[in-house]
Amino acid sequence: MTEKKVSLLEGFKAFLMRGNVIDLAVAVVIGAAFTQIVNSVVKGVINPLVGAFGTKNLDSYSSCIKGTCEVVNGEVQGIRILWGSVLGATLSFLITAAVVYFLMVLPMAKYLARKADRDAAKEGTKEVVELSELEVLKEIRDTLVAQSARGTGPGSGQGPTGSGPGTGTV
């Protein structure tokens with residue numbers, strides 16, 4: 001039983017120490033901090049600008065489906081749809097998505113494209129080098145074949161068709 005617990009703990013430790021788990025944890029923490037910034041921008045800047053056409057707070061925009069939506073004795077009469085809150089959340093999402101796209105996704109895509117171009121150029125250079133090495137090896141092979149063809153006369157004892165040592169003329 002002790003072996004299973006050790007292996008489970010080792011597996012859990014390996015899982016926690018993998019790079020992508022740590023990267024994900026960092027991303028969640030940074031994302032939470034970034035969300036607070038975006039929410040404060042929306043509530044402090046965007047909502048008042050949009051609210052300049054009506055009330056100063058988007059959360060107060062609402063419509064009544066049923067009844068008059070009046071507040072009587074601290075209770076709202078009727079059924080209210082708080083579309084101002086939805087509008088504020090939508091603006092928060094759009095701003096967050098725009099910042100993430102323009103400050104993170106787009107630059108990373110450009111970087112990866114440049115890296116792919118550099119890798120392709122290096123690969124092309126490598127192929128040229130490999131081709132030139134291949135050409136040199138072919139020339140060496142042809143030279144060796146030509147030399148062995150000249151030295152394969154009767155009694156030479158050399159070459160692929162030679163009779164072997166000691167069979168030449170004395």
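Before reading on, note that the structure itself is shown above.
Remember, it's a predicted structure, so these values are computed and weren't measured experimentally.

### Section: the overall build of the chain
Move 1: From N to C terminus, the chain includes three helices and four strands.
Move 2: Taken from the N to the C terminus, the helices and strands of the chain come in the order α-α-β-β-β-β-α.
Move 3: A separation threshold of at least 6 residues defines the contact pool for the chain, and within that pool the share at least 24 residues apart is 31%.
Move 4: Only carbon and sulfur atoms are counted for the fraction: they give 66% of the accessible area of the chain, which is about 13,700 Å².

### Re the packing of aromatic side chains
To describe a pair of aromatic rings, one takes the distance between the centres and the angle between the planes.
Move 1: Within this structure, the stated rule accounts for one aromatic pair.
Move 2: Ring geometry for Tyr101 and Phe102: centres 5.1 Å apart, planes at 80°, overall edge-to-face.
Move 3: Residue class for Phe102 comes out exposed when judged on its relative accessible area of 52%.

### Observations regarding helix α2 (residues 19-51)
Move 1: A rise of 1.5 Å per residue sets the reference length of α2, with its 33 residues, at 48 Å; its end C-alpha atoms lie 45 Å apart and thus fit the reference within 8%.
Move 2: Its maximal kink placed at Val42, α2 deviates by approximately 35°.
Move 3: Looking only at α2, the buried set comprises Val38, Val42, Asn47 and Gly51.

### Concerning the pattern of salt bridges
Move 1: Considering all chains together, one arrives at one salt bridge under this definition.
Move 2: Between Arg141 and Asp142 there is a salt bridge, with its nearest N and O atoms 3.1 Å apart.
Move 3: Judged by its relative accessible area of 47%, Arg141 falls in the partly exposed class.
Move 4: Judged by its relative accessible area of 43%, Asp142 is partly exposed.

### A word on a positive patch on the surface
Move 1: Together, Lys110, Arg114, Lys115, Arg118 and Lys122 make up a positively charged patch on the protein surface.
Move 2: Along the chain, Lys110 turns up in helix α3 (residues 83-150).

Parameters at a glance
Residues numbered from 1 in each chain as written. Predicted model: local features only at pLDDT ≥ 70, side-chain atom pairs only at ≥ 80, totals over all residues. Heavy atoms only, no water. Helix = DSSP H or I, 4+ residues; strand = E, 2+ residues; numbered from the N terminus. Contact = heavy atoms within 4.5 Å. Areas by Shrake-Rupley, 256 points an atom, 1.4 Å probe, with all protein chains shown as cover. Phe/Tyr/Trp six-rings, centres within 6.5 Å; stacked < 30°, edge-to-face > 60°. Buried < 20%, exposed > 50% of the residue type's maximum accessible area, 1.4 Å probe, protein only. Expected span 1.5 Å × (residues − 1). Bend = angle between axes of the 7 residues up to and from the residue. Salt bridge = Lys/Arg side-chain N within 4 Å of Asp/Glu carboxyl O. Patch = residues over 30% accessible without salt bridge, like charges linked within 9 Å, V, L, I, M, F, W, Y side chains within 5 Å. Lys, Arg positive; Asp, Glu negative; His and termini not counted. Charge placed at Lys NZ, Arg CZ, Asp CG, Glu CD.

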